[in-house]
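Below, each chain spelled out in residue letters.
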Amino acid sequence: MTSENGNIVSMVVSSPVATRTILIVDDDPSVTETFERMLRLEGYDVVTALSAEAGLRQAERAHPHAIILDLRMPLVDGLQFLRTLRAKTDLSNMPVAIVTGDYFLDDSISRELHGLGAEVRFKPLWLEDLLALARHLLKS
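Everything numeric in this text was worked out from a predicted model, so none of it was measured. Every chain's residues receive numbers from 1 upward, in the order its sequence appears when written. Whole-chain, interface and lining totals are the exception, using all residues; otherwise, since this is a predicted model, local features are given only for residues with pLDDT of at least 70 and side-chain atom pairs are given and counted only at 80 or more. To get the side-chain values, take all heavy atoms of the structure and skip hydrogens and water.

(A) View of the pairing of strand β4 (residues 96–100). Relative accessibility decides the category of a residue: with a 1.4 Å probe and only protein chains considered, values under 20% of the type maximum give buried, values over 50% give exposed, and everything between is partly exposed. Labels follow the DSSP assignment, with helices taken as runs of H or I lasting at least four residues and strands as runs of E lasting at least two, numbered in each case from the N terminus. Counting buried residues in β4 gives 5 out of 5 residues, a clear majority hidden from the surface. Judged by which residues are buried, β4 turns out to be covered on both faces: Val96, Ile98 and Thr100 on one side and Ala97 and Val99 on the other are all buried. Judged from the 4 bridges that link them, strand β3 (residues 66–70) and β4 form a sheet pairing that is parallel. Residue pairing in the sheet places Leu69 in a bridge with Ile98 of β4. Remark: the β3/helix α3 (residues 78–87)/β4 crossover connection has right-handed handedness. Taken together, β4, helix α4 (residues 107–115) and strand β5 (residues 118–122) constitute a β-α-β crossover, and its handedness is right-handed. For two strands to be treated as a pair, DSSP must find no fewer than two bridges joining them. Looking down the strands as they point away from the viewer, one classifies a crossover as right-handed if the path from the first strand across the helix to the second runs clockwise.

Following this line, the structure appears as structure tokens:
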């Protein structure tokens, strides 16, 4: 690029998260859209899915660097999504966070989520919380 006076001007845009992809799986479109918008503003690439089935297809297709997943979804819930994901060799080590509005999780569910290597966070997630979660997942 050249300036008005003819000097060559170099512009370097660098973002440490620009090449990091996060998959958001939630059956509530307002949640997926909000999380997507907030993460994109921070430079992340974001892929979304409105069901666990679609989320598994997106995970296989996009191979995201991390997944933020709703626990309570119809048909296939977040726990079953996580079990299926962990059974897939190429996706088994992917960092996952379960996000839920259920503040009182059954102990057996909580133990299984942790045993499957998922972080658990509670809704609502504010911008700072979501960004901290994304950074945490991506450094894992």
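(B) Seen up close, the pattern of salt bridges. Here, a salt bridge means any side-chain nitrogen of Lys or Arg that lies within 4 Å of a carboxyl oxygen of Asp or Glu. Applying the stated criterion across every chain yields a total of 7 salt bridges. Where Glu119 meets Arg121, a salt bridge forms, and the shortest distance between an N and an O atom there is 3.2 Å. The exposure class assigned to Arg121 is partly exposed, which follows from its relative accessible area of 27%. Connected via shared salt-bridge partners are Asp26, Asp70 and Lys123.

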